[in-house]
Amino acid sequence: MQTRKIVHVDMDAFYASVEQRDNPSYRGKPLVVGGSPNQRGVVAAASYEARKFGIYSAMPSLTAIAKCPGLIFVRPRFDVYREISAAIHAIFKRYSDLVEGVALDEAYLDVTENKQNITYASTIARHIKTAILQETQLTATAGVSINKFLAKMASGQNKPNGLTVILPEQAIAFVEQLPIEKFHGIGEVTAAKMHSLGIHTGADLKERSLLELTHHFGKAGQYYYKIARAEDDRPVEANRVRKSVGAETSFASDLSDIGQMLQELEQIAQIVEQRLEQHETRGRTLTLKVKFSDYRQLTRSKTMLAPISELSTIFEIAKALFESIDLENRSIRLLGISLSNLDNAKQTQVIQLPLFQNGNIIF
């Protein structure tokens, strides 16, 4: 089987950069796109100037303003972001039809076989970055490697406006030296559990058996076992239909106060509302996810007659589901809300798999 050539493109602070592009008075200043702190809003995106203050996506706006009193707040303009995203995807399609959009600002491309018969995937990535800058006045960072996991990790190495290539012969060594908290798919809480088990790097993770990892982490252990060996056979899925939209938060310290739990739930609901607007969709089935301090997990769902997308409705339903749970003085380590049965019936699911031939790979 021919080794794949995967490019991961990630726009640099996309929403915030668009606002700074369109309003010169915002340039060079700490800025966030999101809800007002006066309305208990949530940060949707932060400029690089804001990130220097420790401000990041999904942070409560009140926390963000406390970190940077001069912070500029801008309401999201998803119609503008979608228009720019469509222009960027048109650039991608000049090179490959195997394009999987992860979000408005992020996509994978399989360029193993590409439309312009360019030998090096890194050359394609450079061409894409140049075209994006020329046509949108925005910068992007790209990662190039042999699978989606490694391409994603590569794009995170040199932001903003960077390009990193992980060659096939470099893959194992790259993963082995990587701190476990830097792995895509390993969050703060899981990283802390791995640290408690003596797993601090990719090399440490690779030493653990599949049985041990699935014992500690369930089905996710299979994923961890493979990525520790730089393996990821997930295809780039063109025109993938989104089946759900959601958000969840793992807490560094377990929550035991009901009021704090509901406040976190409301902020999660705000993120879900933003993502529904971003994807221009609504959902009929709301699912609440609760994980307790002992890692036991439960879900509660409710299906509505009509699809919903408004914050007040999302939070009201999630709150009712939450209040139906008998907490029994238990503390909570994770809360999540998702909406499924999405209002996207006009879309059709077309999953295209790349065709491989025997041959060598050149980056």
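Residues numbered from 1 in each chain as written. Predicted model: local features only at pLDDT ≥ 70, side-chain atom pairs only at ≥ 80, totals over all residues. Heavy atoms only, no water.

UniProt records the feature "active site" (unreviewed entry) at E106, using the numbering of this structure. Topologically, E106 is positioned in strand 6 (residues 106-110). Ignoring any residue separated from it by four or fewer positions in sequence, one finds E106 in contact with H8, V9, D10, E100, G101 and K152. A polar atom in the side chain of E106 sits 2.8 Å from the side chain of H8. (UniProt positions renumbered as here; feature names shortened; annotations may be inferred. Helix = DSSP H or I, 4+ residues; strand = E, 2+ residues; numbered from the N terminus. Contact = heavy atoms within 4.5 Å. Polar contact = N/O pair within 3.5 Å; in protein donor to acceptor, adjacent residues only side chain to side chain.)

Strand order in the open sheet formed by five strands is 5-6-1-7-8, with mixed pairing between adjacent strands. In the strand order of this sheet, the two ends are held by strand 5 (99-103) and strand 8 (163-165), each with one partner. On average, each strand axis in the sheet is inclined to that of its neighbour by 15°, with strand direction left out of account. In terms of strand pairing, strand 1 (residues 6-11) meets strand 6 through five bridges, oriented antiparallel. If you follow I6 over to strand 6, its bridge partner there is D110. (Pairing = 2+ DSSP bridges. Axes fitted to C-alpha atoms, helices over the stretch in contact; angles between N-to-C directions.)

On to the pattern of salt bridges. One pass over the full model with this rule turns up 20 salt bridges. The network of salt bridges with shared partners includes E19, R21, D22 and R77. (Salt bridge = Lys/Arg side-chain N within 4 Å of Asp/Glu carboxyl O.)

Under the defined criterion, the tally for this structure stands at eight aromatic pairs. Taking the centre distance of 4.4 Å and the plane angle of 10° together, the rings of Y15 and Y81 count as stacked. Taken together, the residues span a long stretch of sequence, with Y15 in helix 1 (residues 14-22) and Y81 in helix 4 (residues 78-92) at a distance of 66 residues. The pair formed by Y15 and Y81 is uniform in burial state, with each residue classed as buried. Look at F78 and Y81: their rings are 5.7 Å apart centre to centre, the planes differ by 85°, and that puts the pair in the edge-to-face class. Note that F78 and Y81 are positioned in helix 4 at a spacing of three residues, about one turn of the helix. Using a relative accessible area of 2% as the deciding quantity, one classes F78 as buried. Through pairs of rings, three or more aromatic residues link up here, namely F14, Y15, F78 and Y81. It is K148 that lies over the ring of Y108; its NZ or CZ is 5.0 Å from the centre. The ring of F292 is capped by R330, whose NZ or CZ atom sits 3.7 Å from the centre of that ring. (Phe/Tyr/Trp six-rings, centres within 6.5 Å; stacked < 30°, edge-to-face > 60°. Buried < 20%, exposed > 50% of the residue type's maximum accessible area, 1.4 Å probe, protein only. Lys NZ or Arg CZ within 6 Å of the ring centre and 35° of its normal.)

Attention shifts here to the side chain of D110. Among the secondary structure elements, D110 is positioned in strand 6. Although D110 is buried, it forms no salt bridge, and the closest oppositely charged side chain is R4 at an N-O distance of 4.8 Å. (Lys, Arg positive; Asp, Glu negative; His and termini not counted.)

With that out of the way, let us pick up helix 13 (residues 311-323). With 13 residues, helix 13 extends 18 Å from end C-alpha to end C-alpha; this agrees with the ideal 18 Å at 1.5 Å per step. Of the positions making up helix 13, those classed as buried are I314, F315, I317, A318, L321 and F322. Taken around the axis of helix 13, the buried residues stretch over an arc of 165°, which confines them to a single face. Helix 13 presents S312 and E316 as exposed residues on the side facing more than 90 degrees away from its buried surface. Contacts from the buried residues of helix 13 go to helix 12 (258-278), strand 10 (283-292), strand 11 (297-308) and strand 12 (332-342). (Expected span 1.5 Å × (residues − 1). Arc of directions from axis to C-beta.)

On the secondary structure map, S145 appears in strand 7 (residues 140-145). With relative accessibility at 0%, the residue S145 sits in the buried group. Among the polar contacts made by the side chain of S145, one reaches the main-chain carbonyl oxygen of I166 at a distance of 2.8 Å.

By size, the foremost hydrophobic cluster in this structure holds 39 residues, and its most contacted members are F14, Y15, F92, I128 and I132. Of the residues forming this core, the biggest block, seven residues, is contributed by helix 4. The contact partners of I128, leaving out residues within four places of it in the chain, are V9, I91, F92, Y95 and L109. With 33 residues, the next largest nonpolar core counts I268, V290, I317 and L321 among its residues. (Core = buried A, V, L, I, M, F, W, Y, C linked by side-chain atoms within 4.5 Å.)

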